[in-house]
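Here are the chains, one letter per residue:
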Amino acid sequence: MRTAAAGQLAFDIDTLIHDADLQAAPPWDGPAPLHFTSAYYPPEDLAAAFARWVFEHGSFGCIPRSHMWHPAITMDGANTDTDGHDLSVLTADLRCDHYGQRCQCVGDLIYRAICQQCRWHADGTEQHVVEAWHDHAWPGWRTLPVIPAAITRRDDQNRPGTKLAAWIEEHYPADWQRPGAPIRTERSGLGTRHVPRRSPWGGFDLSATTHPPDVPSHE
């Protein structure tokens, strides 16, 4: 059985090794800074900066402590099929991390959508940046027919349902039935989130009942 003393010794050794690694590491010279930034950087630059911050400060509480951009796990691989555009969704936690101390922090969870092919990005709520990206990559999506809530969208194998396919075939323009294209669906209650990879073509299922704040996009 591992004793408390042995566990402490192992912890101390790990700390010494990490301190030595920090001292041996060259100064950070990556493009993105090691703190929150509103400037545009490609997703890989922001990921590298976040990884360096974690290396220097540790992974415990790294998201609220660093306030840095990192991939939004609920949007992993959100849209990789749209011709001429790509999508990466990141998030940063700008909420207070003083844990009971008096401060003047202001902020919330913020999201960023990036189309790296166009060097385009938009910041805001998750709903806003998803819609802003569709304005950028799929102009005209706001006028798509809204699929009624009564139409079953998924079968018991989580595949697009036959009723959905028939409804789309009848009502959706042919040029919107292609890889990466979204659908718009009628929603109610709490289920109004825009959901990635839920259209029949690998695009978003966009809630027609979501109205995010009007936050300006950045080109």
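Think of each chain on its own: its residues are numbered from 1, step by step along the sequence as written. Selection of residues for local features in this predicted model requires a pLDDT of at least 70, selection of side-chain atom pairs for listing and counting requires 80 or more, and totals for whole chains, interfaces and linings are taken over all residues. Only hydrogens and water are set aside when side-chain values are computed; all heavy atoms of the structure are taken into account.

### Considerations on the overall build of the chain
Part 1: Helix numbers and strand numbers start at the N terminus; a helix is a DSSP run of H or I with at least 4 residues, a strand a run of E with at least 2. When helices and strands are counted, the chain shows five helices and seven strands.
Part 2: Each helix (α) and strand (β) of the chain, taken in turn from the N terminus, gives the series α-α-α-β-β-β-β-α-β-α-β-β.
Part 3: Exposure categories follow from relative accessible area, calculated using a 1.4 Å probe and restricted to protein chains: below 20% of the type maximum is buried, above 50% is exposed, and the middle band is partly exposed. Here the chain holds 219 residues, and 36% of them are scored as buried.

### Let's talk about the sheet that holds strand β5 (residues 146-147)
Within a sheet, neighbouring strands are paired by backbone hydrogen bonds and run either parallel or antiparallel to one another.
Part 1: Read from one edge of the open sheet, three strands run β5-β6-β7, paired in parallel fashion. In this open sheet, the two strands that pair with only one neighbour each are β5 and β7 (205-207).
Part 2: When DSSP finds two or more bridges between two strands, those strands count as paired. In the sheet, strand β6 (residues 183-185) pairs with β7 via three bridges, with the strands oriented parallel. In the sheet register, Arg184 faces β7, and the bridge partner there is Leu206.

### Side note on the layout of surface pockets
Part 1: Of the volumes computed, that of the largest pocket is approximately 160 Å³.
Part 2: Site definitions follow a grid-based scheme: protein atoms alone, a 1 Å grid, a 1.4 Å probe that fits but cannot get out for cavities, and for pockets an open set with protein on both sides within 12 Å along at least five of seven lines, plus lining residues having an atom within 4 Å of a point. Looking at the largest pocket, it is lined by 13 residues, and the ones nearest its centre are Pro71, Ala72, Asp76, Ser88 and Val89.
Part 3: Elements that contribute at least two residues to the lining of the largest pocket include exactly α2 (43-57) and β2 (88-93). Grid points are joined across faces, edges and corners, and a volume is the space filled by probe spheres set on the points.

### What to know about the pairing of strand β3 (residues 109-115)
Part 1: For β3, the tally of buried residues reaches six of seven residues, placing the bulk of the element in the interior.
Part 2: When β2 meets β3, the two strands line up antiparallel, connected through six bridges. When the sheet's bridge partners are listed, Ser88 is paired in β3 with Ile114.
Part 3: Here β3 pairs with strand β4 (residues 120-124) via five bridges, running antiparallel. Looking at the pairing, Cys115 lines up with Trp120 of β4.
Part 4: In this antiparallel pair of consecutive strands, β3 and β4, the connection spans four residues, and Arg119 shows a positive phi of 55°.

In short, the description is geometric, and any link to function would need to be established separately.
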